[in-house]
Amino acid sequence: MSATAAIPLPALHASHAGIWLREANGETRGVSKGEAINRAADTPVLMINAPLVASRLGYPDLNGLDLLELYAFIHPARFCVPTAKGLAQALDMEPPTGDDAVAEFLQRAATRLLQGCEQPDWAEREGAWSILQSLAKLRWPWAQVVAPHIARPAQAEKWLFSRLPEWEDAPERPQPKQVAMEEEAVAASLARLTGEGAERREGQRAYAQSAAQVFAPRERDARPHVLLAQAGTGIGKTLGYLAPAAHWAQESGGTVWVSTYTKNLQRQLRSESRRAWPDRRRDGSRPVVVRKGRENYLCLLNLEDALQGGFTGRPAILAQLVARWAAFSADGDMIGGDLPGWLGTLFRKRGITALTDQRGECIYAGCPHYRKCFIERSARASAQADLVIANHALVMINAARGRHQGQAPTRVVFDEGHHVFDAADSTFAAALTGQEAIELRRWIIGPERNARGRRRGLAARLADVASYDDAGGEAVEAAIEAAAALPSDGWNQRLIEGAPSGPVEALLGQVRSFTYARDESGAQDAGYGIETEIAQLDGPLVEAAQEAGVTLAAIRKPLMALGARLEAVLEDAPDWLDGQGRARIEGARHSLGWRVDLVAAWESLLARMGGPADPDFVDWFAVDRNDTREFDIGIHRRWLDPMKPFAKVVLEQAHGVMLTSATLTDRAATGDGGRIEDWPHAIARSGAPHIDLAPKTANAASPFDYAGRAEVLIVNDLKRGDLPALAGAYARLIEAAGGGTLGLFTAIKRLRAVHSRIADRLARAGLPLYAQHVDPIDTGTLTDIFRDDRAASLLGTDALRDGVDVPGESLRCVVMEAVPWPRPTILHRARRLAAADEPGGAKNYDDRIIRARLAQAFGRLIRSRDDAGHFVVLSSAFPSRLLSAFPEGTPVIRLTLDAALARVAAGPPTGKAPAAASEMQIDEKDMPY
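Criteria and cut-off values
- Residues numbered from 1 in each chain as written.
- Predicted model: local features only at pLDDT ≥ 70, side-chain atom pairs only at ≥ 80, totals over all residues.
- Heavy atoms only, no water.
- Axes fitted to C-alpha atoms, helices over the stretch in contact; angles between N-to-C directions.
- Helix = DSSP H or I, 4+ residues; strand = E, 2+ residues; numbered from the N terminus.
- Parallel < 35°, antiparallel > 145°, perpendicular 65-115°, else oblique.
- Left-handed = near helix turned anticlockwise from the far one by under 90°.
- Contact = heavy atoms within 4.5 Å.
- Pairing = 2+ DSSP bridges.
- Buried < 20%, exposed > 50% of the residue type's maximum accessible area, 1.4 Å probe, protein only.
- Patch = residues over 30% accessible without salt bridge, like charges linked within 9 Å, V, L, I, M, F, W, Y side chains within 5 Å.
- Areas by Shrake-Rupley, 256 points an atom, 1.4 Å probe, with all protein chains shown as cover.
- Salt bridge = Lys/Arg side-chain N within 4 Å of Asp/Glu carboxyl O.
- Lys, Arg positive; Asp, Glu negative; His and termini not counted.
- Charge placed at Lys NZ, Arg CZ, Asp CG, Glu CD.
- Nonpolar A, V, L, I, M, F, W, Y, C, P; charged D, E, K, R; others polar.
- Core = buried A, V, L, I, M, F, W, Y, C linked by side-chain atoms within 4.5 Å.
- Expected span 1.5 Å × (residues − 1).
- Polar contact = N/O pair within 3.5 Å; in protein donor to acceptor, adjacent residues only side chain to side chain.
- Disulfide = S-S within 2.5 Å.
- Right-handed = clockwise from strand over helix to strand, strands pointing away.
- Phe/Tyr/Trp six-rings, centres within 6.5 Å; stacked < 30°, edge-to-face > 60°.
- Lys NZ or Arg CZ within 6 Å of the ring centre and 35° of its normal.

Points about the packing of helix 34 (residues 826–834) against helix 35 (residues 841–858)
Orientation of helix 34 relative to helix 35, taken along the N-to-C sense of each, is 125°, at an axis distance of 7 Å. Considered as vectors, helix 34 and helix 35 are oriented oblique to each other. When the axes of helix 34 and helix 35 are compared, the crossing they make is right-handed. The residues of helix 35 that touch helix 34, namely those facing His828, Arg831 and Arg832, are Ala842, Lys843, Tyr845, Asp846 and Ile849.

Here's the deal with the sheet that holds strand 18 (residues 696–700)
Judged by pairing direction, the sheet is parallel, and its seven strands sit side by side in the order 8-9-7-10-15-6-18 without closing on themselves. Among the strands making up the open sheet, the edge pair consists of strand 8 (288–290) and strand 18. Ignoring which end each strand starts from, the neighbouring axes of this sheet average 20° apart. Two elements, strand 7 (residues 256–260) and strand 9 (residues 387–391), share five bridges in a ladder whose sense is parallel. The partner of serine 259 across the bridge, within strand 9, is alanine 390. With respect to the sheet, helix 12 (residues 263–273) is in contact with strand 7, strand 8 and strand 9, its orientation differing from that of strand 9 by roughly 170°.

Quick word on the environment of histidine 247
Structurally, the position occupied by histidine 247 is in helix 11 (residues 237–252). When its relative accessible area of 13% is taken as the criterion, histidine 247 is described as buried. Spatially, the C-alpha atom of histidine 247 lies 9.3 Å from that of leucine 190, the residues being 57 residues apart in sequence.

Quick word on a negative patch on the surface
A cluster of acidic residues, Asp470, Glu474, Glu477 and Glu481, forms a negative patch at the surface. With respect to the helices and strands, glutamate 477 occurs in helix 21 (residues 470–483). Using a relative accessible area of 57% as the deciding quantity, one classes glutamate 477 as exposed.

With respect to the sheet that holds strand 21 (residues 769–771)
Taken together, the seven strands give an open sheet; going across it, the order is 21-22-20-23-24-19-25, and neighbouring strands pair in parallel fashion. Each having just a single partner strand, strand 21 and strand 25 (892–895) make up the two edges of the open sheet. Taking each pair of neighbouring strands and ignoring which way they run, the sheet shows an average axis angle of 20°. Pairing analysis gives four bridges linking strand 23 (residues 813–816) to strand 24 (residues 869–873), with the strands arranged parallel. From the neighbouring strand, methionine 816 faces strand 24, where its bridge partner is valine 873.

Re the packing of helix 6 (residues 128–137) against helix 14 (residues 314–326)
Angle between the axes and distance between the axes are the two parameters that describe a pair of packed helices. The N-to-C vectors of helix 6 and helix 14 enclose an angle of 175°; their axes lie 10 Å apart at closest approach. One way to sum up the angle between helix 6 and helix 14 is to call them roughly antiparallel. Only Ile317, Gln320, Leu321, Ala323 and Arg324 of helix 14 make contact with helix 6, whose side of the interface consists of Ala128, Ile131, Ser134 and Leu135. Of the residues contributing to the contact of helix 6 with helix 14, the split by class is six nonpolar, two polar and one charged.

Remarks on the nonpolar core
One finds Phe73, Leu298, Val322 and Leu343 to be the most contacted residues of the largest nonpolar core, which totals 68 residues. When residues of this core are assigned to their parent elements, the largest contribution, nine residues, is made by helix 14. Residues Leu537, Leu559, Phe621 and Ile633 belong to the second largest nonpolar core, which totals 50 residues.

Overview of helix 14
When the terminal C-alpha atoms of helix 14 are compared, their 18 Å separation across 13 residues agrees well with the 18 Å that a helix rising 1.5 Å per residue should span. Listing the buried residues of helix 14 in full gives Pro315, Ala316, Ile317, Leu318, Ala319, Gln320, Leu321, Val322, Ala323, Arg324, Trp325 and Ala326. Next to the buried residues of helix 14 lie helix 3 (67–74), helix 6, helix 8 (160–163), helix 13 (300–310) and helix 15 (374–383).

Digging into the environment of alanine 319
Looking at where alanine 319 falls in the secondary structure, it is placed in helix 14. A relative accessible area of 0% means that alanine 319 is categorised as buried. In this structure the C-alpha to C-alpha distance between alanine 319 and glycine 351, which are 32 residues apart in sequence, comes to 7.8 Å. Each residue touching alanine 319, except ones within four places of it in the same chain, is listed here: Leu303, Ala306, Leu307 and Phe311.

Considering unusual backbone geometry
One non-glycine residue, arginine 139, lies in the positive phi region at around 60°. In this structure, arginine 139 sits in the loop between helix 6 and helix 7 (143–146). When its relative accessible area of 75% is taken as the criterion, arginine 139 is described as exposed. The phi dihedral of glutamate 416 falls on the positive side, at around 50°, and the residue is not glycine. Summarising the element assignment, glutamate 416 is placed in the loop between strand 10 (411–414) and helix 17 (420–427). We classify glutamate 416 as buried; its relative accessible area is 9%.

Quick look at helix 30 (residues 723–737)
A rise of 1.5 Å per residue sets the reference length of helix 30, with its 15 residues, at 21 Å; its end C-alpha atoms lie 21 Å apart and thus fit the reference within 8%. When we look at burial in helix 30, the residues that qualify are Leu726, Ala727, Ala729, Tyr730, Ala731, Leu733, Ile734 and Ala737. N-capping of helix 30 is provided by aspartate 722, with a side-chain oxygen placed 3.2 Å from the backbone N of alanine 725. One or two residues past the end of helix 30 sits glycine 738, with phi positive at roughly 70°.

Points about the pattern of salt bridges
Here the structure, examined in full by the defined rule, presents 46 salt bridges. Residues arginine 294 and aspartate 357 are paired through a salt bridge, measuring 3.2 Å at the closest nitrogen-oxygen approach. Remark: aspartate 357 occurs in the loop between helix 14 and helix 15 and arginine 294 occurs in the loop between strand 8 and helix 13; sequence separation between them is 63 residues. Here arginine 790 and glutamate 809 are joined by a salt bridge, their closest N and O atoms 2.6 Å apart. Taken as a pair, arginine 790 in the loop between helix 32 (779–788) and strand 22 (793–796) and glutamate 809 in the loop between helix 33 (798–801) and strand 23 lie far apart in primary sequence, 19 residues in all. Several salt bridges converge on common partners, so that one network encompasses Glu23, Arg29, Glu35 and Arg39.

Let's talk about the pairing of strand 19 (residues 710–715)
A regular strand places its side chains on the two faces of the sheet in alternate fashion. Counting buried residues in strand 19 gives six out of six residues, a clear majority hidden from the surface. Across five bridges, the pairing between strand 19 and strand 24 is parallel. Considered in strand 24, the bridge of glutamate 711 is made with histidine 870. Across four bridges, the pairing between strand 19 and strand 25 is parallel. Looking across to strand 25, one finds that valine 712 is bridged to valine 892.

Side note on the state of the cysteines
Counted according to the given criterion, the structure contains zero disulfides. As a non-bridged cysteine, cysteine 80 has cysteine 117 as the owner of its nearest cysteine sulfur, 15 Å distant. In this model cysteine 367 remains outside any disulfide bridge; the closest cysteine sulfur is found in cysteine 299, 6.2 Å from its own. On the basis of relative accessibility, which here comes to 14%, the residue cysteine 367 falls in the buried class.

Remarks on the pairing of strand 22
Residues Ser793 and Leu795 of strand 22 are buried on one face, and the alternating residues Leu794 and Gly796, pointing to the opposite face, are buried as well. Bridge count between strand 20 (residues 741–744) and strand 22: three bridges; the pairing is parallel. Directly across from glycine 743, in strand 22, lies its bridge partner leucine 795. Pairing of strand 21 with strand 22, which is carried by three bridges, proceeds in the parallel orientation. The residue bridging leucine 769 from the neighbouring strand is serine 793, located in strand 22. The parallel pair strand 21 and strand 22, bridged by helix 32, forms a crossover whose chirality is right-handed.

Focus: the packing of aromatic side chains
This structure, assessed with the given rule, holds 14 aromatic pairs. The interplanar angle of 85° and the centroid separation of 5.4 Å between the aromatic rings of tryptophan 167 and tyrosine 370 together place this pair among those described as edge-to-face. Placement of the pair is tryptophan 167 in the loop between helix 8 and helix 9 (183–194) and tyrosine 370 in the loop between helix 14 and helix 15, with a sequence separation of 203 residues. Taking relative accessible area as the criterion, tryptophan 167 reaches 4% and is therefore assigned buried. Put simply, the rings of Phe704, Tyr706, Phe858, Phe871, Phe878 and Phe886 pair up and form one aromatic cluster. Cation over ring: arginine 685 sits above phenylalanine 421, and NZ or CZ is 3.9 Å from the ring centre.

Pasting the structure below:
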């Protein structure tokens, strides 16, 4: 095959603008959906992102030669945006000039990929031939095409599990030295990170000096230094807190933890940290480590099971491609790491989660791959690191469970600090649901009937202990017997049919009936989930709760007894208990403790039934549904103020904690037209008052010219609820902007309806439209596609409102379909009522939520000094008191849709004062409260 010849296979491309087919040795022509489907069914055709093509054709069973699968095989652990343009960039090729040129490009790209296999400098050659043989047996469509291009190696290739390096134990680091944070040293550290000749930013310097306070020695036990630091976009807060962190870590020998809420910021932090630390120390260890929950990493035992028959069909092909990636991965991170985010979405049965430790079934040292485990490697590396980049949930869970590798974090920076409340709300919640209960049953009992996979119950995981220790064996048997009363497969259908099995299923059946009877939300007809408060319960439900509580207690007691026996085995170790066995039993103890705490929380939930309410908690029943299909039923409990447990388990244990964000405080309007930063509310949501601590505060305003480079346009002539008009407005705004638009919705149903009405129209104009909850692509990859194409637009919900970083011309217009009112859930109502006695009352509680959401959404628009654009809200009833959410000086113009289109079509603001526009009075009767 010559360097210029295209592979002799037909190629198919489908977009909202049309469908194009290129014959193996012919011309490209437009075809109908029917012809495209027939050709793809008869002959394997080249395509890119087969599930997306299938979605565009309306034919979900479409199969073919997907170039993304070929790319994942030939270049594992390499980044590639999953579009024709992205593939062209990854292969250093000229991208196609239009949709009609994509099919021909796919032929050339396939040629380039296959030729790469023949090059002597192919970096990922090792292991490729062996895995290709396995893929051929699985009838991978590419196997016969690739085979002639990969020569059989002279020597047999090592199996993946023998190629992976082993981690090594290291002595625990000594406690950090006490370091005085001198102002000059912090300034010098910041200068080193920003680089010689960098612009001197006084706001960043002041921010760094404030951040240094949390690294000072603690003066009293359980009294950490706490700093709340607000830093507007453009301050450079990442380097601002890394500067004192790097200085403290170097001088003290301690470890700093930086916690984020989004994976995008984790990636950004890893990049920025290279300015302060090398990739490796002289001894080969890593000074910077990214830590995530166990469920993010590849489990080698799960992978081995999948490779040896645990997966069949297409999932088995996925397992082989993951094995290719595992050999070249930097850290085994499958969710947000160097595994392409799009790889799992190419396989309809999502097998990625099955290859991670989702259920906490790790057998630790009992695993044959324990010494090569990615999870254990990351945990041990973090114990020796100067900087650990983690997420809010992991920091809180580790603190609550005492599951630290090495010393517990003493200095923690919570970036995206406005989300600490939300993370604590989820972390310290309790929920007794059908799905949770069946997972506990499976963890205790193991596989039942004809279940496939490597799932193991307690008896299998602790067989040696049970055989050695009679009391331990009896506890295992008692736990298994008691767990048989938990929900089993088919529980949901049995409840619908009114035939529950066992006390817990009977309780869930009562909860389901009670919730349907009491629901007044109107969500039943809309297909959404429903809920009702736990109040005025009838006798049968209370009795069912009591019986279920007895069942749970019967499970908890043998688990506690088993935990005690494991402790005894460790204290009086038998001859056969080696170091690996000890580590496995230690891990089993922690897993048992987690389950015991879980069951105890469930018992506490049930004990409240029929009794007085606990003022610290909010309890409710819920039936979770999706398009009228029920998928879970349960009892839920949340802390009224989740910062109460956060303060106890996180703040009290730390020596210094910093919460930082661009939107840490609420910018409330004053009566005279000014603004005030609501620090009292920010302090309350930090948890510090729960330990009688007054945190320090700092505020660094953004240096960006919002007044000259952004406009807020409030469209006042769209009728609320008019879906055709809403769709038309989105289409016209995207056309006026020439793409580069981020559309934000408060309801998935409206997002889908708008997308279906406008996608074809925009595509025909050369403006591709992608949508969360519509396109079979993960959110991170959708953002990558959007960032990579100036003409593309993206529709989404909450996940795109916060944490999306798309600087430059790819994002020049943000459109919100409505004011983001908080959803009136039972939990929201309880917290709103609790705020009734605060200044501003319950109404101000809602306003703070809305302003925070608006501020975060607006923050997507201006990410760098050169960014400019429009922020459009399609709401005729936008209360004036919410306008303080936008940066001071930003022009706010109320106008008609036609006038807004004219301003957007004229291009982003260039620094000139906005033209006059008529102001419309706001009718606040349109508000939901």
